[in-house]
Amino acid sequence: MAERKSVLRGDPRLDKLRWSRRLTLTSRILFVNVLPLVLLGGGVLYLDSYRTQLLDERFKLALVEAQITAEALAGATPKRQEALLIQIGKEQRLRIRVYDAEGELESDSFQLAPPSFELPDPADVDQTDFALRTDRWFDRVVGAPSLPDYREPVSDSVDAWPELVRAREESLTQIVLRDAPDGTHVINAAAPVGLDGDTLLITRNPVDITQSVREARTTVAMIVLLFLLVSTLLSFFLAQTIVRPLRELVQAAVRVRQGRDRQVEVPRLPDRRDEIGMLARAVSDMTAALRHRIDAVESFAADVAHEIKNPLASLRSATESLGKVEDPDLRSQLLDIAVHDVRRIDRLVTEISDASRIDAEMSRTEFERVDMAELLRNVAASREERGENEGRNVTVTAAESKLVVNGVGLRLERIMENLLDNAVSFSPIGGSIDARLVRREGRVVLTVCDEGPGIPQEKREKVFERFHSDRPEGEDFGNHSGLGLAIGRTIAEAHEGTLHVEDRADGERGACFVLSLPALDK
């Protein structure tokens, strides 16, 4: 896990891709699919606002017309009233009715002259007409209040019109909106006339409002349909830009899984700066890393199979000879050989086991305060007592008495053991190994330097790869599996630290491994 985190933090390809979020597939898909809905919703709101604005203007006009007509009729002679009704009704396309003080119809402009407009009979209106059904659907969508139907009364009197009743009672102009059978609107304005108790009723059928709204609605519908068509085409194009590279990735992944072609190239799609491109490059990198790991495992397995034959053959020969040898000294030698071979195999198996579970173990372990100076001294003393330095002189130097880090003591001890083991295996007998602890820029730094042949610049990262083993000549395979440094780096990175190799500061022959961990102040 720690290894993966360090790779992600340092991978320049991922940093290069982060700027391209504005080109993500999510934004493209949302834009293509939401735009027609936004246009439709905006168009519906615009049409509702447009219709309301037109009706408000006609309400104001009806109010003014009713008041002006009432003033003109007040005090006029019956003959003059009839002339005014005919003139105003014809010029303004209105129906004007006057009711006397008893509430009976006195004059009607439609009876005095040909009607200026005509409302259809409900029985003659096709209720399945597309425009009419669209009007009703539109009213339901915008939540328009249901309007009463306009019906001519059988007995035309004041009581048949609620707005006339209120106008007589309140002496104020009243306006009512109703629906005509053909889906248009009818505006009634009632107003008192003079002081004799007469009232008038003006009826207007503003067909132009309905026609204007329907024309605007048709325009909005055409725009929405056009954008819907464009959106559909873009969706198909976008789907192809998604499906085609995904198919290529799937085919490449299948070939990789089947192992038919070792050199199968997973397309990286360098021109794609969206999630598909990121996926392609991630799969390509993952495949390359997987192949590298498989190659390393296969190489290591081949080394194990080759090298383990020697201790197994030796162990088998020793155990088979024990039953045939009678000489106590020779039997003792055979037992020593068997024990040595068993230890070599056990060490190899232990290293492989630790390497396989170190990531999962570090992710679950709770950290604690660890005194690195005390830990290093204990490790060096234990190795000296066990004779594991094999004639090399190990010197421990700690610049401060308290060099504390936050970590897992056993795992940090494992890093020290591995670094000292490595230094011992490459240093000549009688050589010196310098283990030095210092505090530098808020970090605790452990440097282990040997007097070995050193490590060339081009191999300094390779030595930290798992299963890599560049052993000194003549050393047994089981004594140095090639996993120690890889395990050490994994543990260091799990502690938010680093482990690398560099030249000796004094310019002498040898190599220095540097472990750097965050220091605790208290």
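Keep in mind that this is a model prediction, so the values were computed, not measured.

**Description of the packing of aromatic side chains**
And step 1. For the structure on display, the rule yields 4 aromatic pairs.
And step 2. Ring centres of Tyr-46 and Tyr-50 lie 5.8 Å apart, and the angle between their planes is 10 degrees; on these two criteria the pair is classed as stacked. In this pair, Tyr-46 and Tyr-50 are both assigned in helix α3 (residues 25-73), 4 residues apart and thus about one turn of the helix distant.
And step 3. For Tyr-50, a relative accessible area of 23% gives the class partly exposed.
And step 4. Ring centres of Phe-110 and Phe-117 lie 5.3 Å apart, and the angle between their planes is 70 degrees; on these two criteria the pair is classed as edge-to-face.
And step 5. Lying across the ring of Phe-464, Arg-489 places its NZ or CZ 4.0 Å from the centre.

**Some words on the sheet that holds strand β10 (residues 443-449)**
And step 1. Strand order in the open sheet formed by 5 strands is β7-β9-β10-β12-β11, with mixed pairing between adjacent strands. A single partner strand is all that each edge strand has here, and the edge strands are β7 (393-398) and β11 (498-503). Strand-to-strand twist in this sheet, taken as the mean axis angle between neighbours without regard to direction, amounts to 20 degrees.
And step 2. Two elements, β10 and strand β12 (residues 511-518), share 7 bridges in a ladder whose sense is antiparallel. If you follow Leu-446 over to β12, its bridge partner there is Leu-515.
And step 3. Most of the contacts of helix α14 (residues 484-494) go to β11, to which it runs at about 125 degrees, and overall it touches β11 and β12.

**Section: the packing of helix α6 (residues 130-142) against helix α8 (residues 207-258)**
And step 1. The contact between α6 and α8 brings their axes to 12 Å, and the two run at 85 degrees. Between α6 and α8, the interaxial angle falls into the category roughly perpendicular. Together, Ala-131, Leu-132, Thr-134, Asp-135 and Phe-138 of α6 and Thr-210, Arg-214 and Arg-217 of α8 make up the contact between the two elements.
And step 2. Residues of the contact of α6 with α8, tallied by class, amount to 3 nonpolar, 2 polar and 3 charged.

**Quick word on unusual backbone geometry**
Excluding glycine, a negative phi dihedral is what most residues carry, and trans is how most peptide bonds are arranged.
And step 1. In this structure, Glu-390 is a non-glycine residue whose phi angle is positive, near 55 degrees.
And step 2. Residue placement: Glu-390 occurs in the loop between α12 (372-386) and β7.
And step 3. Phi is positive for Glu-496, close to 60 degrees, though the residue is something other than glycine.
And step 4. As for its placement among the helices and strands, Glu-496 is situated in the loop between α14 and β11.
And step 5. In this structure Glu-496 comes out as exposed when scored by relative accessible area, which is 63%.

**Notes on the sheet that holds strand β3 (residues 174-179)**
And step 1. Pairing is antiparallel in the open sheet, where 5 strands are placed in the order β2-β1-β5-β4-β3. The sheet is open, and its two edges are formed by β2 (105-108) and β3, each paired on a single side. Put simply, the sheet's adjacent strands are angled 20 degrees from each other on average, direction ignored.
And step 2. In this structure, β3 lies alongside strand β4 (residues 185-193), joined through 6 bridges in antiparallel fashion. Along β4, the bridge assignment pairs Val-176 with Asn-188.
And step 3. Against the sheet, helix α7 (residues 162-170) makes contact with β1 (95-99), β3, β4 and β5 (198-204), and its axis sits at roughly 175 degrees relative to β3, the strand it touches most.

**Notes on the environment of Pro-270**
And step 1. Residue position: Pro-270 is located in the loop between α8 and α9 (275-307).
And step 2. What makes Pro-270 exposed here is its relative accessible area of 56%.
And step 3. The spacing of Pro-270 and Ala-280 is 10 residues in sequence and 8.7 Å in space, taken between C-alpha atoms.

**Quick word on the environment of Arg-383**
And step 1. One can find Arg-383 in helix α12.
And step 2. For Arg-383, a relative accessible area of 0% corresponds to the buried category.
And step 3. Between the C-alpha atom of Arg-383 and that of Leu-420, which follows or precedes it by 37 residues, the distance is 9.2 Å.
And step 4. Beyond its immediate chain neighbours, meaning those up to four positions away, Arg-383 contacts Glu-388, Asn-389, Glu-417, Leu-420, Asp-421 and Val-424.

Conventions used here
Residues numbered from 1 in each chain as written. Predicted model: local features only at pLDDT ≥ 70, side-chain atom pairs only at ≥ 80, totals over all residues. Heavy atoms only, no water. Phe/Tyr/Trp six-rings, centres within 6.5 Å; stacked < 30°, edge-to-face > 60°. Helix = DSSP H or I, 4+ residues; strand = E, 2+ residues; numbered from the N terminus. Buried < 20%, exposed > 50% of the residue type's maximum accessible area, 1.4 Å probe, protein only. Lys NZ or Arg CZ within 6 Å of the ring centre and 35° of its normal. Pairing = 2+ DSSP bridges. Axes fitted to C-alpha atoms, helices over the stretch in contact; angles between N-to-C directions. Contact = heavy atoms within 4.5 Å. Parallel < 35°, antiparallel > 145°, perpendicular 65-115°, else oblique. Nonpolar A, V, L, I, M, F, W, Y, C, P; charged D, E, K, R; others polar.

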